[in-house]
Amino acid sequence: MCIRDRCLPNLLAQITTLQPALICTLGQEPARALLRSQLNLLQLRGRFHDYQGIPLIPTLAPEFLLLNPEMKKAAWEDLQLLQKRLGRFL
């Protein structure tokens with residue numbers, strides 16, 4: 001059984017319980033699992049998607065950024081989009 005199969009039910013239960021205003025996924029697997037997409041993370045990042053009525057923005061995982069520091073700008077841009085959207089909830 002892969003990590004996704006073991007962790008996804010718990011993640012979905014937590015999302016249902018918490019009812020977050022926004023979701024930010026870090027890395028390809030969580031983004032693909034929640035969005036039910038086969039697109040790679042570089043195709044998914046940079047914009048908001050809808051997850052059951054909740055805005056979801058995928059971005060790069062910290063360990064990926066450590067190995068690929070040239071991608072930090074892209075992750076920063078994603079976080080700025082997230083911050084702008086969060087401002088609507090404050």
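The structure reproduced in this document is the subject of the present report.

### Details of helix H2 (residues 28-35)
Move 1: If you check which residues of H2 are buried, you get Ala31, Arg32, Ala33, Leu34 and Leu35.
Move 2: Among the residues trailing H2, Arg36 stands out with phi positive, at a value near 50°.

### Let's talk about the sheet that holds strand S1 (residues 23-26)
Move 1: Spatial ordering of the open sheet is given by S1-S3-S2, a layout of three strands whose pairing is mixed. Each end of this open sheet is capped by a strand with a single partner; those strands are S1 and strand S2 (49-51). Each adjacent strand pair in this sheet contributes to an overall mean axis angle of 40°, direction not counted.
Move 2: Here S2 runs beside strand S3 (residues 54-59); their pairing, made up of three bridges, is antiparallel. Its bridge partner being in S3, Tyr51 is matched across the sheet by Ile54.
Move 3: Packed on one face of the sheet, H2 meets S1, S2 and S3 and runs near 135° to S1.
Move 4: Here helix H5 (residues 72-86) sits on the sheet in contact with S1 and S3, set at roughly 160° to S3.

### Here we look at the side chain of Arg32
Move 1: When you line up the elements, Arg32 lands in helix H2.
Move 2: Separated by 2.9 Å, the side chain of Arg32 and the backbone oxygen of Gln38 make a polar contact.
Move 3: Within the local environment of Arg32, its side chain forms a polar contact with the backbone oxygen of Leu39, the two atoms lying 3.0 Å apart.

### What to know about the pairing of S1
Move 1: Of the two faces of S1, only one is covered, namely that formed by Ile23 and Thr25; the face formed by Cys24 and Leu26 stays uncovered.
Move 2: Pairing geometry for S1 and S3, over four bridges, is parallel. Bridging across to S3, Ile23 finds its partner in Leu56.

Here is what the cut-offs are and how they apply
Residues numbered from 1 in each chain as written. Predicted model: local features only at pLDDT ≥ 70, side-chain atom pairs only at ≥ 80, totals over all residues. Heavy atoms only, no water. Buried < 20%, exposed > 50% of the residue type's maximum accessible area, 1.4 Å probe, protein only. Helix = DSSP H or I, 4+ residues; strand = E, 2+ residues; numbered from the N terminus. Pairing = 2+ DSSP bridges. Axes fitted to C-alpha atoms, helices over the stretch in contact; angles between N-to-C directions. Contact = heavy atoms within 4.5 Å. Polar contact = N/O pair within 3.5 Å; in protein donor to acceptor, adjacent residues only side chain to side chain.

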